[in-house]
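Here is what each chain is made of, one letter per residue.
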Amino acid sequence: MVKERILSVDIFRGATILLMVLVNTPGTWSNVYGPFLHADWHGYTPTDLVFPFFLFIVGTSIAFSYKGRKVNAEVYKKIGVRTLKLIALGVFLGAFIIHFPFFKNFQDIRFPGVLQRIGVVFFFAAILFINLDWKKLIWVTAILLIGYWLLMTLVPVEGIASTLDRAPNNLANWLDVQVFGSHNYKADYDPEGLLSTIPSIASALLGVFTGLILTSKQAKKATILMGLGGSLLIIGHIWDIVFPINKALWTSSFVLVTAGWANLVLALIYYLTDVKKIEFGSVFRYAGANAIVIYFLSSFISKIMGQIKVGDSSLHGWLFQKVYVHDFLALETSSLLYGLTVVLFYSFIGYFLYQRKIFIKV
């Protein structure tokens, strides 16, 4: 059975979603250990791997779900409905406030976002997968990555040569401002912006190839994934010389490097669980079974706790100060402990849902 062969994928998905929760909910953003922060602009940290890992596993799951399936109107309908659900949940998260009328003023609502990007990437990756064979998908992936590189480096912005720095003449940043205006995450760009969604589709397609490997009759799959991951890392770091690794821009080098790391990590988990049959990581498997639900709940509850006032602080800030801040602890440690507590809470939620066989499909 396929489900018996993808235990490593469930563990990888769950570990990724819990890491997303951890890096998104520190006790205070003013005191966070470096590895749990995003790179300022070019370059990457462990935290910068988290979101592309999730898009990668979205692609892997597409391969599992749609490989060999007969394509009909119902399949297209399910893909479309799931896409719209993800986008709607993402917009809701960006718009919700706890007081009447419960939504921000229209001009203050952020349109792009994490769930929105997951929805769009899922849609295009799924449609491409059910219509093209793996050879054509390789060509599409290459076109997306090379095309984005050429767009970002050769197309001028209002007559000015484009830059890859955070500046008005950065093509991706400029387009976000032109299209979304005040609906961006930042005044000058959005990390889940319009143009950078193009290479993020390639992140999922690279996950599709891994899914095809895992569902094939190939021997030594872990070795193949290790070789693929190492190759992508090398190519990505070479490309970094002319097209810097950058999460905010989701550069093509960033796509290859993060997919490389994803394959290496997944290969290790696959080797331990599916080849050596070593039992571990159940907590991640529980979380992975309802990954989108856990991400949505963690974001929604965190937002509520940040808006509820307790004295001069929020409920979030009050809990952090009262429970986690002590003279014998560095503030970075206190902040990390708060985040780990949040992860423990959502790990329990994942366990609770899994034990009761509640799997909420979004």
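Residues numbered from 1 in each chain as written. Predicted model: local features only at pLDDT ≥ 70, side-chain atom pairs only at ≥ 80, totals over all residues. Heavy atoms only, no water.

J.: Tell me about the overall build of the protein, and please be specific about residues and values.
T.: A count of helical and extended segments in the protein gives 14 helices and 2 strands. In terms of overall dimensions, the protein is globule-like: its C-alpha atoms have a radius of gyration of 21 Å, near the 21 Å expected for 362 residues. Each of the three principal axes of the protein carries a C-alpha extent, and together these read 60 × 60 × 45 Å. In the protein, which comprises 362 residues, the proportion classed as buried is 50%. Across the protein, contacts joining residues at least 24 apart in sequence account for 73% of those joining residues at least 6 apart. (Helix = DSSP H or I, 4+ residues; strand = E, 2+ residues; numbered from the N terminus. Rg over C-alpha atoms; globule rule 2.2 N^0.38 Å. Buried < 20%, exposed > 50% of the residue type's maximum accessible area, 1.4 Å probe, protein only. Contact = heavy atoms within 4.5 Å.)

J.: Please give an account of helix H10 (residues 252–275) that cites residues and values.
T.: Its 24 residues place the ends of H10 32 Å apart at the C-alpha level, agreeing with the 34 Å of an ideal helix rising 1.5 Å per residue. Across the 24 residues that make up H10, a large majority, 18, are buried. Two residues or fewer past H10, lysine 277 is found with a positive phi of approximately 60°. (Expected span 1.5 Å × (residues − 1).)

J.: Help me get a handle on empty space enclosed by the protein, residues and values and all.
T.: Applying the stated criterion across every chain, the model contains 2 cavities of 30 Å³ or more. Volume-wise, the largest cavity comes out at about 70 Å³. Residue lining of the largest cavity: Leu22, Val23, Pro26, Asn31, Val32, Tyr33, Phe36, Glu332, Ser335 and Leu336, and that is the complete set. Counting residues per element, the ones that place at least two in the lining of the largest cavity are helix H2 (7–24) and helix H14 (331–355). (1 Å grid on protein atoms, 1.4 Å probe; cavity = no way out; pocket = protein on both sides within 12 Å on 5 of 7 lines; lining within 4 Å. Points joined across faces, edges and corners; volume = space filled by probe spheres on them.)

J.: Hey, could you go over helix H11 (residues 282–289) for me, with residue numbers and the actual values?
T.: By the burial criterion, the buried members of H11 are Tyr286, Ala287 and Gly288. Those residues of H11 that are buried are in contact with H2, helix H12 (291–307) and H14.

J.: Describe in detail a nonpolar patch on the surface, supporting the description with residues and values.
T.: Side chains of Ile234, Ile238, Ile241 and Val242 sit close together on the surface and give an oily, nonpolar patch of about 430 Å² of accessible area. When you line up the elements, valine 242 lands in the loop between helix H9 (221–239) and H10. When its relative accessible area of 48% is taken as the criterion, valine 242 is described as partly exposed. (Patch = residues over 30% accessible without salt bridge, like charges linked within 9 Å, V, L, I, M, F, W, Y side chains within 5 Å. Areas by Shrake-Rupley, 256 points an atom, 1.4 Å probe, with all protein chains shown as cover. Salt bridge = Lys/Arg side-chain N within 4 Å of Asp/Glu carboxyl O.)

J.: An account of the packing of aromatic side chains is requested, with residue identities and associated values reported.
T.: Across all of its chains, the model carries 24 aromatic pairs by this definition. Pairing tryptophan 239 with phenylalanine 243 gives two aromatic rings, centres 6.4 Å apart and planes at 55°, and the pair type is tilted. A relative accessible area of 14% means that tryptophan 239 is categorised as buried. Each ring, one from phenylalanine 348 and one from phenylalanine 352, has its centre 6.5 Å from the other, and the planes form 40°; the classification is tilted. Here phenylalanine 348 and its partner phenylalanine 352 are both found in helix H14, 4 residues apart, which amounts to about one turn of the helix. Judged by its relative accessible area of 51%, phenylalanine 348 is exposed. With a relative accessible area of 34%, phenylalanine 352 lands in the partly exposed category. Feature note: the residues Phe92, Phe96, Phe103, Phe296 and Phe300 constitute an aromatic cluster, connected by ring pairs. Above the ring of tryptophan 250, the side-chain terminus of arginine 117 is found at 5.1 Å from the ring centroid. (Phe/Tyr/Trp six-rings, centres within 6.5 Å; stacked < 30°, edge-to-face > 60°. Lys NZ or Arg CZ within 6 Å of the ring centre and 35° of its normal.)

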